[in-house]
Amino acid sequence: MAVLQESYVRNYAKSYIKTKQFSSHATKDSICKSALIESAENFSGCETYDIFLSHSFLDKELILGLKLLLEKYNFSVYVDWTEDPQLDRKNVTRKNVELIKERMKTSTSLLYVVTDNSANSKWMPWELGFMDGYTGKVAILPVTNYNNGFKEHEYLSIYPYVDEEKIIDSQISTLWVNDPVNVKCYSQLKKWISTGQLKVHNS
């Protein structure tokens, strides 16, 4: 399985942070959180999103990098604690659950960000299951250093996964959604979000 390298994704975040003015006393977590909230302003007021980004709150820098990468390809991205900063992910309350449900219902697809931290998330499996049942447009976005599949959560291997590759006969890169079994079955992320379908390529 192809994956986005952590260093590649983190560089998106670091490059963005370098362009901003932060206090020398600010922590890495607080800088990433502030940068994410600032980047969320690009889509403030959006009623719908292309992508609901399901992730671990511990991966702030990676999520900032992924959000910037996805926005580079002109996708609108929902990150719960930046778009809805009043949310308290530490507490599973009826109010929080209903708000997350509403945000998923107004998102066209869900990308499940797999990292070393995601295995410990209480929210992510629930978000994946809800969106799978609601739209069926869910895919795995692996950002990890290991290549041994999903040992602890084998169910993730049944979902298509996202990577970044060049378009055939072109120097232009884009994001693709790939069938986890058939290497000839894939579609550009934009088209998959629109149709929910993968195409079999014979060449």
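Residues numbered from 1 in each chain as written. Predicted model: local features only at pLDDT ≥ 70, side-chain atom pairs only at ≥ 80, totals over all residues. Heavy atoms only, no water.

J.: Let's hear about the nonpolar core: which residues, and what values?
T.: Across soluble globular proteins, you tend to see nonpolar side chains buried next to one another. Membership of the largest hydrophobic core comes to 25 residues, with the highest contact counts inside it found for Leu53, Leu66, Leu70, Leu111 and Leu189. Only strand E1 (49-54), helix H3 (60-72), strand E3 (107-114), strand E4 (138-142), strand E6 (173-178) and helix H7 (189-195) provide two or more residues apiece to this core. The greatest single-element share of this core, amounting to five residues, is contributed by H3. Aside from chain neighbours lying at most four places away, what touches Leu189 is Ile51, Leu70, Phe75, Leu175, Trp176 and Val177. Counting residues in each nonpolar core, the second largest holds 19 residues, with Tyr78, Ile100, Met104 and Met124 among its members. (Core = buried A, V, L, I, M, F, W, Y, C linked by side-chain atoms within 4.5 Å. Buried < 20%, exposed > 50% of the residue type's maximum accessible area, 1.4 Å probe, protein only. Helix = DSSP H or I, 4+ residues; strand = E, 2+ residues; numbered from the N terminus. Contact = heavy atoms within 4.5 Å.)

J.: So, unusual backbone geometry: which residues are in play, and what are the values?
T.: Even without being a glycine, Asn74 presents a positive backbone phi close to 70 degrees. Within the element layout of this structure, Asn74 appears in the loop between H3 and strand E2 (77-78). Positive phi, normally seen in glycine, also occurs at Asp169, with a value near 60 degrees. You can see Asp169 is positioned in the loop between strand E5 (161-166) and E6. Using a relative accessible area of 84% as the deciding quantity, one classes Asp169 as exposed.

J.: So what's going on with the pairing of E3? Residues and values would help.
T.: The element E3 is largely enclosed, with a buried count of seven among its eight residues. Here five bridges tie E1 to E3, and the two strands are oriented parallel to one another. Note that in E3 the partner of Tyr49 across the bridge is Ser107. As judged from the five bridges shared by E3 and E4, these two strands associate in the parallel manner. The residue of E4 that forms the bridge with Leu111 is Ala139. Handedness of the β-α-β unit built from E3, helix H6 (residues 124-134) and E4 comes out right-handed. (Pairing = 2+ DSSP bridges. Right-handed = clockwise from strand over helix to strand, strands pointing away.)

J.: A description of the pattern of salt bridges should follow, citing residues and the corresponding values.
T.: Enumeration over the complete set of coordinates arrives at eight salt bridges. Residue Glu98 is joined to Lys101 by a salt bridge in which the shortest nitrogen-to-oxygen separation is 3.9 Å. Of this pair, Glu98 and Lys101 both sit in helix H5 (residues 94-105), separated by three residues, roughly a single helical turn. Looking at Glu98, the relative accessible area reads 33%, which means it is partly exposed. Glu102 is the partner of Lys105 in a salt bridge, and the nearest nitrogen-oxygen pair spans 3.9 Å. (Salt bridge = Lys/Arg side-chain N within 4 Å of Asp/Glu carboxyl O.)

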